[in-house]
Each structure stands twice: as structure tokens, then as C-alpha cells.
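Residue strings, one per chain:
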Amino acid sequence: MVENTNQNSAVIPENNPEKNQTQNSESSAANLVINQQENKHDPTKKLAAIQEATSHNHQDNNYGAESIQVLEGLEAVRKRPSMYIGTTGLPGLHHLVYEVVDNSIDEALAGFCKEIVVIINEDNSVTVVDDGRGIPIAIHSQYKMSALEVVMCKLHAGGKFDKKTYKVSGGLHGVGISVVNALSTWLQVEVRRDGRHVAMIFERGHSKSGIIEKGAADTTGTTITFMPDKEIFESIEFSFDTVSARMRELAFLNKGIKIIVRDERTEKENIFQYEGGIVSFIEYLNRNKTPLHPTIYFDTEKNGNEIEVAMQYNAGYIENIFSFVNNINTIDGGTHLTGLKTALTRAFNNYAESNKLIDEKDLKLTSDDVKEGMCCVISVKVQEPQFEGQTKTKLGNSDVKGIVDSIVFSSLTTYLEENPKIAKLIVEKIVTSAKAREAAKKARDLTRRKSALDSSSLPGKLADCQERDPAKCELFIVEGDSAGGSAKMGRDRKFQAILPLKGKILNVEKARINKVVDNDEIITLVTAIGTNIAEEFDIKKLRYHKLILMTDADVDGSHIQCLLLTFLYRFMTPLIEQGHVYVAMPPLYKVKKGKTENYVYKEEELFRLLKEIGKDNVNIQRYKGLGEMNPEQLWETTRDTEKRMLKQIKIEDAVIADEIFTLLMGDQVEPRRKFIQDHAKEVKNLDL
Ligand code: 0RA
């Protein structure tokens, strides 16, 4: 695992007018382009000149059976060019350049090429020069022609000569240089190899010369110049910026390679060379952002696949993940990207959990959380890539997913363990993203729920009253179905409505208040009240001016009361502010002496009363829950507007309820324990 320190990355600025150089005729690569000046505009002249210069007796137009097949292959390319290069528009045109360059990149990957020069000539022909081994020129035994000719004329012949060559680079379709030849009005190739300097000329894929001896060579390399066919392409105007962008990318992906792009039409030049490879790529991508840590980098080989990953978080929120397979930008992702994402999510969750960096219970870091503000480049090199999809920009090899997953997981885990400060910083950012995502989801859920809450049909559980004037109506919100039953019997149906709620709301809702909105009981409640909630709240739709919460005088009852108040406070605040919410105060005891009955609502009251009436012949009945009361008792204690005890809830009460709710239901264990210790008495008598 290497943490990049930026010391060795030579990032050369480009598109900088001061750095743009005019063509330097001293450049070794540029000198390799023979007769460039004289013959640039007339390929026929160039051909004649080269033919004249050579004394070599070649087998011009004297092909064996195999070679005819070879040429038929290239006719197919001319007939259906899009099958080979995607389009005949500008992308296809530029693809020709990339195809040639890819061969040079392969030489570089094999360790034989250090520098590639791409020149857009004045006539829109393109020259690619490399200092690799040079295309072999010996006669190829199978095809009975020079290897050079086979490479240039046989479809897919590219790497066949050298099985050992680590051939991974490949244009978009990996079609080989012969396709470029087929789609060029003329193409000239020069090879410097084995001390020889030779050339060969082609027209629309057909050899127009044999091997032309150009003299001795003390260097090795290949120079290919081609003129795209106007009959094939919609336009042959190359874009310096498009070519530059791809060359820059290739320079990032293949560390150390020097790629020079020169435009003879405008005398612009870019030089790309990055010793840092994809680490430099990350620096480039994050250049206008605020990086949070040094780039994380790892590079591993497994089963002949090379996996390189560089990543860095910035202070922003945008995800920037680039994936490459054999230098091809897999814009549609594929198995390598899936493996990467799975591993990242797993590694960060694992680390966050084992280091207790998530303070919210049940909060899971998702792939989206992990990707926020992340800049990442994954570059894999696989032996036999299978590209899928219309544009062949999606990797299909199924084994790559597991390989990438396990390598990224273990490498990243090691990195996080070795760099706890950076790990903490990153995980904190991811946790923040996760919380923001949850909050956004809450808001969305709420909106979705709110539309459900607007339903005009009243809940079936509601025993409504007859009166239509809300100012005269009361809604009893009653805990438990049994209590609801007796409440129904004890009410004055003219103006009193009953809504029984199932008592166990709390169990489901332990996690979050927002989830309360998902609860069927709450939906029933809101529909009965009629106002909707939050931003959608409309007091004009209030169906009852008195909302009376009626719960048992036990711990469960006070919990439910606490939940309901919290809910009303958070989502229907004006109801509390304007004094529409009440809590019924069912008695704790009924004290009977002789014919006199007294309901007792507080412990202290019981002592006071007993002192008053004396302890003899007194019958004390303790009520454990609403269900124990008969309808008449319920009526007396809560419905009879003359006798009942109601407590009007003020905003302070609701705030307290909310605080208690948060403490009791929240994730923070310590404050909850402290609260219960501090308020042991109050908690016992939570029944406001
Ligand atoms: C076939 C075999 C070898 C190299 C090449 C082709 C080759 C092609 C191009 C195209 C542009 N530049 C290139 N450089 C090399 C292997 C040669 C060996 O084994 O020596």
C-alpha cells in the first residue's frame, strides 16, 4: 500500500500558451517522419518517391490464397466501417488515432517503448511515432509475406506474433491497426528494427509497395502516417483537444509514458507524462476541489489481472469514479466497478463499526454515502476482456467482480487500519452523508405519506359524532380497543367522537419519530383530525376543537401519551399552541364511604381525602386501566363536562414530552440513564 506523497509526479501543464512549443525539428521522434515535408500533400508522389528509392524486389500484387482472404477481410471493414469503429462521424475518425496509439502503448506495457508522438499534420493526416521494437519485418511463414504486411492487412493480427507480449491495450473495439489501414486513402508505415530502416505504402488497405529499404537505423521504433478516407468519414478534421484528452488519459493510465501531441495546423503542442500514474490522475481530477487527505493508492496483481485503484475524498458532494479496463474508459461500468463499489461499502462499514464511529444506531453506510465527494480511478488490466453493451463500454467478465472486491476490500482495510486519522476523517464524512440521506428520505416519505393523509374518507375505527360544527365537537383519542368499546357506550354521541388506537404503537416506533408517520394508527389519527401535518397542516380543516387524549394511568399509558404529544407537537404544532389538545385525567381510585363516592386523581389527594372522611368503612377501588371502568364510570370521570378533569396541554408540556420522548426513545444510552436517575419520581408519574 502506497500513500502518494506527490513527490515524484511530474505533471506537466498543458494548454498553457507559454508552454506551447512550435515543432522542434531537433526532436528525435519528429525526425523519424521521412519525407514528411515534401510529400505531405500528395501521397502518390510520396509513393513514387519511395518506390524509386527502393531496389528491393517485392512480390507486389502477387498474393497467395491466404493473403487474398486477408484483403477480403479489409473490404468488409470498408463496407461496414461502423461495425469496427462504431461511427463514421468524429468519434470514429478519432478512433483511428487511438487504434494506432494503442499498439504503441502495448509496446510500452511490454517495456520497450518510452515515448509516443502524435502529430496532426496540416493536411489532416496523422502521424504516430514510437520508440518501441518496431513491427517485425521478416517474412511470415503462414502468410508468405512480411509480418509487417500481415499486421497492416490482416484483421486482428495485432498481437499474434508475440504471445508473450502482455497485450492488454486495445482500441474501443480492439480491432487492430489493419482497420485504420482499410479506412485510409493512403497509409505509410516505417519501421526501424534490426539495424534496418524500412517503409511500406498502402492505399485503402492494399499494399502499394513491398518493403522499401530506407537505409540503416541505429534506433528502433514504428512510425505510421495515415490519411483518413473522405469517402468513409463525414469529416476528416481532427480535433487537437479530443486527441489531447485521450492522450492525457493514456499517460495517466500508463505511468511514466511520455506522449507528445502536436498540431501542425496551429503549432500547438501538449506533453503528457505522469510518474504518479492514476495518482496524478486523481490530483488532476481534484485540481479545483478541496482534497481531504493524500491520495490512497494500491496496485495488486492476481491471476494475471492487474488492479490499480487511486482515491481521494474532497470537500464536495459529487461522486467522480472513473473505471478503465485495458486503458478503455468503461463508461457503462461492469463487473470491475461492481466489485469496487461493494468492497468500498463493506470496508467502510466494517471499519466504522469495529471502531465505533457511527453514533446512530441502525445507521448503515450505503454505497451512495461512500461515494459522496469521492474521486476514484480504478484501472484494471485483464487478459481476455469481454466487453458488453451497444458501445462495448461495459466489462462482462464475471470473475473480475470477486477479484476486485477481495483485493480492494483487503487493501483498503489495511490502509484504514494503518492510517487511523485519515480513516476517521473519511468515515465521519461518510456518516454525515448517511445522516443527510436519511433526513432527505424522511422528508420524501413525509410528502408521500402526507398525500395519503389527505384522503377524504374517515377511518373505519372512528365513532364519529353527529354535530358538524367543529367548535362544538370533541374527539377522544383512546388507548386500546377495549377502552374504546366502553368509551363508545359512555359518550354523548351528539358531540363526542371516539377514536381507539392500538396500544402498542411504541414498540414499532422505538426508532424514529419520522417513522411514526408511517404508522397506520397515526394515519388514522391524522385523518380523523382532518388537518394533515407539517407543511400541509391546515387548521381550517380541524374537525374537533377539543382533542382529548385518554390513556391508562400506567407506564404504557404515559408512554403512549408522551408519543402522541410529541407527534402533535412536531407535526401539528398549532393544535397545541391554540389550546386544542387535552389530556383526560382518569382517576386512580374510587373511594366509597356509605353512599358517597369520590374519584381520586392523585396519590396525595387520597391521603387528604382519607384524613377528611376517616378510614373506617371506606371502600377504596384502584383503577389500573381504562378498561376496568364501566361506561358509566368513564362517562363520569372523563365525559361529563360538569365533573370531568381535563388538563389542557400547553406548548411547554409538549416540549417536555418531546424531550422525554427523545430521551426515552433515542439512541443515546448515557443521557437516557441519567435522565431516568434524575427524574426517577417524575418518570413514575409521567401521567401529566
Ligand atoms: C507485432 C508484433 C510485435 C510488435 C508489433 C506488432 C508492433 C506494432 C506496432 C504498431 C505501432 N507501433 C508498433 N510497435 C510494435 C512484437 C515485436 C517483437 O516481438 O519484437
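Note that this is a predicted model, so its numbers are computed, not measured.

Caption draft 1: Structural detail: the environment of Lys 602. Summarising the element assignment, Lys 602 is placed in the loop between strand S25 (596-600) and helix H21 (603-613). Judged by its relative accessible area of 44%, Lys 602 is partly exposed. Taking C-alpha positions, Lys 602 is 8.4 Å from Tyr 589, a pair spaced 13 residues apart along the chain.

Caption draft 2: Quick peek at the pairing of strand S24 (residues 589-593). The pairing of S24 with S25 spans five bridges and is classified as antiparallel. Directly across from Tyr 589, in S25, lies its bridge partner Val 600. As consecutive antiparallel partners, S24 and S25 are separated by two residues, and within that stretch Gly 594 has a phi angle of approximately 65 degrees, a positive value. Direction of pairing for S24 relative to strand S26 (residues 618-622): antiparallel, over a ladder of five bridges. The partner of Lys 592 across the bridge, within S26, is Asn 619.

Caption draft 3: Structural view of the sheet that holds strand S23 (residues 581-584). Read across the sheet, five strands follow the order S21-S20-S22-S23-S27 without closing on themselves; strand pairing throughout is mixed. Each edge of the open sheet is held by one strand with a lone partner, namely strand S21 (496-501) and strand S27 (646-648). Across this sheet, the average inter-strand angle for adjacent strands is 25 degrees, counted without regard to direction. Both S23 and S27 contribute to a ladder of three bridges, which runs antiparallel. Residue pairing in the sheet places Ala 584 in a bridge with Leu 646 of S27.

Caption draft 4: Looking closely at the state of the cysteines. This structure, assessed with the given rule, holds zero disulfides. Sulfur of Cys 375: no disulfide; nearest cysteine sulfur belongs to Cys 376 and is 7.6 Å away. Looking at Cys 375, the relative accessible area reads 0%, which means it is buried. Take Cys 473: it sits in no disulfide, and the sulfur closest to it among the cysteines is that of Cys 465, at 3.6 Å.

Caption draft 5: Summary view of the packing of aromatic side chains. Going through the model one piece at a time under the given rule, you end up with nine aromatic pairs. With centroids separated by 5.9 Å and ring planes inclined at 40 degrees, the aromatic side chains of Phe 281 and Phe 324 adopt a geometry described as tilted. With Phe 281 in helix H10 (residues 278-285) and Phe 324 in strand S15 (residues 320-325), this residue pair connects regions lying 43 residues apart in the sequence. Considered together, Phe 281 and Phe 324 belong to a single accessibility category, that of buried residues. A cation over a ring is seen here: Arg 246 above Tyr 98, with NZ or CZ 5.9 Å from the ring centre.

Caption draft 6: Quick peek at the sheet that holds S26. Strand order in this open sheet of three strands is S25-S24-S26, and the pairing throughout is antiparallel. Because the sheet does not close on itself, it has two edges, and the strands there are S25 and S26. Going from strand to strand, the sheet's axes swing by 20 degrees on average, the running direction of each strand aside. Against the sheet, H21 makes contact with S24, S25 and S26, and its axis sits at roughly 5 degrees relative to S24, the strand it touches most.

Caption draft 7: Inspection of the nonpolar core at higher detail. Core analysis: the largest hydrophobic core is formed by 68 residues, its most contacted members being Met 152, Val 189 and Met 247. Looking at this core element by element, the count peaks at eight residues for helix H6 (residues 90-109). The contact partners of Met 152, leaving out residues within four places of it in the chain, are Leu 74, Ile 135, Ile 177, Ser 178, Asn 181, Leu 187, Val 189 and Phe 202.

About the cut-offs
Residues numbered from 1 in each chain as written. Predicted model: local features only at pLDDT ≥ 70, side-chain atom pairs only at ≥ 80, totals over all residues. Heavy atoms only, no water. Helix = DSSP H or I, 4+ residues; strand = E, 2+ residues; numbered from the N terminus. Buried < 20%, exposed > 50% of the residue type's maximum accessible area, 1.4 Å probe, protein only. Pairing = 2+ DSSP bridges. Axes fitted to C-alpha atoms, helices over the stretch in contact; angles between N-to-C directions. Disulfide = S-S within 2.5 Å. Phe/Tyr/Trp six-rings, centres within 6.5 Å; stacked < 30°, edge-to-face > 60°. Lys NZ or Arg CZ within 6 Å of the ring centre and 35° of its normal. Contact = heavy atoms within 4.5 Å. Core = buried A, V, L, I, M, F, W, Y, C linked by side-chain atoms within 4.5 Å.

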